[in-house]
Every structure is written in structure tokens, then in C-alpha cells.
Amino acid sequence: MDLHGKVAVVTGSGRGLGLGYARALAAAGAAVVVNDVDQDAVDAAVATVTSDGGKAAGVVAAVGDSEAAQQLVDAAVREFGRLDVLVTNAGILRDRVLWKMTDDDFDAVVRVHLRGTFTCARAAATRMREQGTGGRLVLISSPAGQRGNFGQTNYAAAKAGIVAMARTWAMELARAEITVNAVVPVAATEMTKTVPAFGPVIEEAERTGDPLPDWLRRDEGLGTVEDVASLITFLASDASKDVTGQAIGIGGDRLALWAHPKEKAVAFADGGWSADAIAEEWTGGVGAEPETYGIPAPQAPGA
């Protein structure tokens, strides 16, 4: 995949998945603006990308405010002359069950994930429209946003909202030839190490250098950061010019297209529905096969 001549901004790219995305984009030829809230992380990320032979500049900023978003866009234009790709990866976690989640817990996560995606995408889209040569917005979502997850009211809501924004912006930006897609990644990171079924397996693979086992890569769709980064590179490229408004999952050996919500079962009542009529209809009709919710618990072989 050839990205020479393209310029990308990757938020939250000082470490982890974001750094993997930045390295992959640079390896394909793009110039990259890396971002983190920590100066040391930004400096290290820039050094990593450039030592691999890529072009990179760094911006220390907390994603969320319009000012930070504009700072990222301005850095791309100042350092490399344009902006072609935005990857909104920045995020934080404040996990708590509903009755223990504070206003600050909720607001902090929504501010970085949802508002940060909005402000950065708005600034990037404005610049891309001015350039008149199209562009790519790659928004990072999560399985939690597709299915919900225990203890993650704030995170799941924000990640679901990101997919909704991708679908909306795909319509709004189509005429400008700017594609917008949401990525639903699953990879071996510090966060997934906290999952009891995953942690020991990931740590053993890191210790030995052996690949992750097939059951993890295929059955659970969990692999390396590099596995996920391949999709980011594709979506940043000209090869994806006709792909927009989609939620695409990737992890390990699995590449998946998530379905958009749609009506599953429908019933009609002349003149409308009373509460009693709904109760009578529900179990044997519209509600006979209710949807599942939550991320299924992983199962290691023999567990």
C-alpha cells in the first residue's frame, strides 16, 4: 500500500495502538503527526517513527477542545504542507458500574473519546474541504460501543456515538470525496491483558516471542497491534476510496463488517398499540427472539 505524498494525524499515538497506527502509516510512506498528552511519549514516538525511516512531527495536546484539534491540523500543514488522513485514537478509561460512576468519570471519557473525535474531525474536514482533494477520516470505536460492556457506561456510550458520527459524516462529506469509517479493533494491549482469559496468554507470548495461539487469533479475533494497523493503512489509502460509512472490525485473523442497526421484527395493529396489546404480542411475536447484549466472555480451550 503506497501512501507517499499523504499526511496523517493520529491522536493518542504516543504508545500502544496509536503508535502502531502511526508507524504503519509512516512505513507506507505517509508523513505523520503523532500526539499525546505527555511530552516524553511524543518525543519517543517521533524518534521511533523516524528511526524506522518515516517522517514525523509531534504535538503535545489533550484531545477534546477545539483549540487542540486545530493545533493538530495546523501542525500537519506547517510541517508537511497538507492533511489527508485523520485517525482519532485518543482515549481514556474510567470504568465503574452505574451507581458508582461520578459525573467526572462520565464527562472525562466522553470528552476525550466523543467530543475529541468530533472536534478533531471537524477541524480536519474543514481543511480537507479547503484543499479540494478528498481525504480520509478513520474513527476508532470498540466492541463495547457495538454491544455494551459491564462497567463501561461512559466508554460504551462514547464508542457507540463514534460509529453514529461515522455514518452521519459519510453522508455529509461524500460530495467532498472524504470517506469516513469506524474501526472496531481488538488487540493485545495493556488493557486486554487485564482480561483473565487473555492476560496470561498474552504475557507468555511476549515472554517467549511465540505467536498468539490460534484460538485467540481466530476464535476471539485478538492479535497484535500490527494486525489492526493494516486496516488503518488500507482505509488511509486510495484503495479504500469507495469504502465509507462502515464499522469494520479487525483483530488477529479476523476481519469483519459490523451490521448497521435495523428493524429485526415488526408487527402492526390497526389504530396503534395499547400497553395490553403490546404485552400480548411481545413474547410470541416481536419480542420472541430478543437481541443479546454485552461482550461474550472469552473461553480458552479446556476452560
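Residues numbered from 1 in each chain as written. Predicted model: local features only at pLDDT ≥ 70, side-chain atom pairs only at ≥ 80, totals over all residues. Heavy atoms only, no water.

Caption draft 1: A look at the overall build of the protein. The helix and strand tally for the protein stands at 10 helices and 8 strands. Its C-alpha atoms give the protein a radius of gyration of 21 Å, within 12% of the compact-globule value 19 Å for 303 residues. Over its C-alpha atoms, taken along the principal directions, the protein stretches across nearly 65 × 50 × 40 Å. Relative to its full complement of 303 residues, the protein shows a buried share of 47%. Of the contacts formed within the protein by residues at least 6 apart in sequence, a portion of 69% connects residues at least 24 apart. Here the protein displays about 15,600 Å² of accessible surface, and carbon together with sulfur accounts for 53% of that area. On the protein, the mean spot of the 27 positive side-chain charges and the mean spot of the 39 negative ones are 5 Å from each other. (Helix = DSSP H or I, 4+ residues; strand = E, 2+ residues; numbered from the N terminus. Rg over C-alpha atoms; globule rule 2.2 N^0.38 Å. Buried < 20%, exposed > 50% of the residue type's maximum accessible area, 1.4 Å probe, protein only. Contact = heavy atoms within 4.5 Å. Areas by Shrake-Rupley, 256 points an atom, 1.4 Å probe, with all protein chains shown as cover. Lys, Arg positive; Asp, Glu negative; His and termini not counted. Charge placed at Lys NZ, Arg CZ, Asp CG, Glu CD.)

Caption draft 2: Geometry of helix H2 (residues 39–51). Across its 13 residues, H2 extends 18 Å between first and last C-alpha, which sits within 8% of the 18 Å expected from 1.5 Å per residue. Every buried residue belonging to H2 is among Ala41, Val42, Ala45, Val46 and Val49, and all of these are buried. Down the axis of H2, the buried set is contained in an arc of 130°. They therefore lie on one face. Of the exposed residues in H2, the ones pointing more than 90 degrees away from its buried face are Asp40 and Ser51. Buried positions along H2 lie against helix H1 (16–27), strand E2 (31–36) and strand E3 (55–60). Capping the start of H2, Asp38 holds a side-chain oxygen 3.3 Å from the backbone nitrogen of Asp40, two or three residues further along. Gly53 lies just past H2 and shows a positive phi near 100°. (Expected span 1.5 Å × (residues − 1). Arc of directions from axis to C-beta. Polar contact = N/O pair within 3.5 Å; in protein donor to acceptor, adjacent residues only side chain to side chain.)

Caption draft 3: Inspection of the layout of surface pockets at higher detail. Looking at the second largest pocket, its volume works out to about 380 Å³. Element by element, the count of residues in the lining of the second largest pocket is highest for helix H5 (residues 143–147), at 3 residues. (1 Å grid on protein atoms, 1.4 Å probe; cavity = no way out; pocket = protein on both sides within 12 Å on 5 of 7 lines; lining within 4 Å. Points joined across faces, edges and corners; volume = space filled by probe spheres on them.)

Caption draft 4: Main features of the packing of H1 against H2. Following both chains from N to C, one finds H1 and H2 inclined at 30°, their axes separated by 9 Å at the closest point. For the element pair H1 / H2, the angle class is roughly parallel. Once H1 is placed against H2, the crossing between them reads as right-handed. Across from Leu19, Ala22, Arg23 and Ala26 in H1, the residues of H2 making contact are Ala45, Thr48 and Val49. By residue class, the composition of the contact of H1 with H2 is 5 nonpolar, 1 polar and 1 charged. (Axes fitted to C-alpha atoms, helices over the stretch in contact; angles between N-to-C directions. Parallel < 35°, antiparallel > 145°, perpendicular 65-115°, else oblique. Left-handed = near helix turned anticlockwise from the far one by under 90°. Nonpolar A, V, L, I, M, F, W, Y, C, P; charged D, E, K, R; others polar.)

Caption draft 5: Geometry of the pattern of salt bridges. According to the stated counting rule, one finds 13 salt bridges in the structure shown. We note a salt bridge from Lys6 to Asp238, for which the minimum N-O separation is 3.1 Å. A residue pair is termed long-range when its members are at least 10 positions apart, and Lys6 in the segment before strand E1 (7–10) and Asp238 in the loop between helix H9 (225–236) and strand E7 (247–251) qualify at 232 residues. Residue classification places Lys6 among the buried positions, given a relative accessible area of 18%. (Salt bridge = Lys/Arg side-chain N within 4 Å of Asp/Glu carboxyl O.)

Caption draft 6: Structural detail: the side chain of Thr119. Tracing the backbone shows Thr119 in helix H4 (residues 103–131). Within the local environment of Thr119, its side chain forms a polar contact with the backbone oxygen of Gly64, the two atoms lying 3.3 Å apart. Of note is the side chain of Thr119, whose polar atom sits 3.3 Å from the backbone oxygen of Gly116. Non-local contacts of Thr119, meaning those with residues more than four positions away in its chain, are made with Gly64, Asp65, Ser66 and Ala69.

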